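# Overview (structure and organization)
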Amino acid sequence: MKKIIAVAACFAVLFSVHVFVQALPAFNFDSETAIYEEEKAADLIPEPRKMVAITFDDGPTDITIQILNDLAKYNARATFFVLGNRLERFPETTQRIVNEGHQIGNHSFSHKRLNRISVQTMKNELDLANEAIFKATGVKPTIMRAPYGEHDKNVLEAAAARGMAVIKWNIDSIDWQPGTAVGNITQRALKNVQAGDIILLHDLYPETGVASAIIIKELTDRGFELVTVDELIEYYSTEMEPGAVYISGVKKFSVADGVDFDEWYESNR
Ligand SMILES: [Zn+2]
């Protein structure tokens, strides 16, 4: 009997030790693994990227060359809404826009107010500009910006039929106002800038050329990635919708939503 008790006691002790030895390291190992797995997962989730799209209207001009040089210096990208009737005077600059990774968009052929001319003339303005852009660069534009940002339902339909989205902006540098100083342009462009924004500038004024260099450097220093409109919309809104109006990477108006554009714009600007 004594022998049986001794053997049982031995088993009991061995079993307890076994359980203890098994349980303790197993617990530590599991929790360490869990922490490690968590850290690994956090590494895999990419940091949200801070993207901004700088856009230039009314070029190309001599100022465009200066801006392209500054963009190259910071490995930054921008979007140029060009006028069709200017491209023949600046064939090399137009080529550079595309060759250096920037996006080229349609800003009409001769800067007419597209909502105040006949529908046929408006369509001609878009087609002539697209033909000039294609001839100069081999690119078929997927975006347009109406002169003065003025477009009506006919313009949106014409854009949709041509596979183009309509791009506005949510930050206006107001560089077109006569007498605007470089400091005003940079301040307006940079004051409230956030990820997803579209900034409006014109590669037409010497002040804008100077201001652009400062804006490009400052945005880069603040950790923004300067990207094309295409990239911005793809990142923040998924696929670009022809005929829709984008005022930023995240705010989009679509005719299909059945809302009046002016009404929508007032509540979303
Ligand atoms: Zn313009």
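All residue numbers refer to position in the chain's written sequence, counted from 1. With the structure being a predicted model, the display of local features is reserved for residues of pLDDT at least 70 and the display and counting of side-chain atom pairs for 80 or more, all residues being used for whole-chain, interface and lining totals.

## Observations concerning the overall build of the chain
As a reminder of what qualifies: Numbering goes from the N terminus for both helices and strands, where a helix is a DSSP run of H or I of at least four residues and a strand is a run of E of at least two. The exposure scheme places C-beta atoms from the backbone and then counts, for each residue, the other C-beta atoms within 10 Å of its own, assigning buried at 20 or more, exposed at 12 or fewer, and partly exposed in between. Here, residue contact means that the backbone-derived C-beta atoms of the two residues sit within 7 Å.
Within the chain, the regular secondary structure consists of nine helices and ten strands. Sorting the 269 residues of the chain into buried and exposed places 38% on the buried side. Restricting to contacts in the chain with at least 6 residues of sequence separation, those with at least 24 account for 72%.

## Quick notes on the packing of helix H6 (residues 182-190) against helix H7 (residues 206-221)
Packed helix pairs are characterised by how far apart their axes lie and by the angle those axes make with each other. To be explicit about the condition: Structural elements are reduced to axes, namely lines fitted to C-alpha atoms, with helices fitted over the stretch in contact, and the angle between N-to-C directions of any two is expressed from 0 to 180 degrees. Just so you know how the angles are binned, under 35 degrees is roughly parallel, over 145 roughly antiparallel, 65 to 115 roughly perpendicular, and the rest oblique. Each helix crossing is assigned a hand: it is left-handed if the near helix lies turned anticlockwise from the far helix by less than a right angle, otherwise right-handed if that turn is clockwise. Nonpolar residues are Ala, Val, Leu, Ile, Met, Phe, Trp, Tyr, Cys and Pro. Charged residues are Asp, Glu, Lys and Arg, and all others, Gly as well, are polar.
It is the contact of H6 with H7, at a shortest axis distance of 9 Å, that shows an interaxial angle of 40°. By the angle class used here, H6 and H7 are oblique. The chirality of how H6 crosses H7 is right-handed. In contact with Val182, Ile185, Thr186, Ala189 and Leu190 of H6, H7 contributes Glu207, Thr208, Val210, Ala211, Ile214, Ile215 and Glu218. Taken together, the residues of the contact of H6 with H7 sort by class into eight nonpolar, two polar and two charged.

## Notes on the pairing of strand S3 (residues 103-106)
As a reminder of what qualifies: Strand pairing is assigned whenever DSSP identifies at least 2 bridges connecting the two strands. Think of it like this: strands point away, you trace from the first strand over the helix to the second, and a clockwise trace means the crossover is right-handed.
Of the two faces of S3, the one lined by Gln103 and Gly105 and the one lined by Ile104 and Asn106 are each fully buried. Note: strand S2 (residues 79-82) against S3, four bridges, orientation parallel. From the neighbouring strand, Val82 faces S3, where its bridge partner is Asn106. Following the chain from S2 across helix H3 (residues 91-99) to the adjacent parallel S3, one finds a crossover that is right-handed.

## Quick notes on helix H2 (residues 62-73)
Filter applied, for reference: How far a helix is expected to stretch is found by multiplying one less than its residue total by 1.5 Å. Our arc is simply the arc of the directions from the helix axis toward the C-beta atoms.
With twelve residues, H2 should reach 16 Å at 1.5 Å per residue; the first-to-last C-alpha distance of 18 Å fits that figure. Of the positions making up H2, those classed as buried are Ile63, Thr64, Ile67, Leu68 and Leu71. One side of H2 carries all its buried residues, which in axial view fall inside an arc of 140°. Two residues or fewer after H2 comes Asn75, characterised by a positive phi angle close to 50°.

## Examining the nonpolar core
The cut-off we apply is this: Joined through C-beta atoms within 7 Å, a set of buried Ala, Val, Leu, Ile, Met, Phe, Trp, Tyr and Cys residues constitutes a nonpolar core.
Val52, Ile54, Val166, Ile198, Ile199 and Leu226 are the most contacted members of the largest nonpolar core, which totals 62 residues. When residues of this core are assigned to their parent elements, the largest contribution, six residues, is made by helix H4 (residues 119-137). When residues no more than four places from it in sequence are discounted, the contact partners of Leu226 are Val52, Ile54, Ala76, Arg77, Ala78, Ile216, Leu219 and Thr220.

## Considerations on the confidence of the model for the chain
As a reminder, the rule being used: The score called pLDDT rates the predictor's confidence residue by residue, from a low of 0 to a high of 100.
Per-residue confidence for the chain gives a mean pLDDT of 88; residues scoring 70 or more make up 84%. Every residue in residues 23-27 scores below 50 in pLDDT, and together they form zero contacts with partners more than four places removed in sequence or on other chains.

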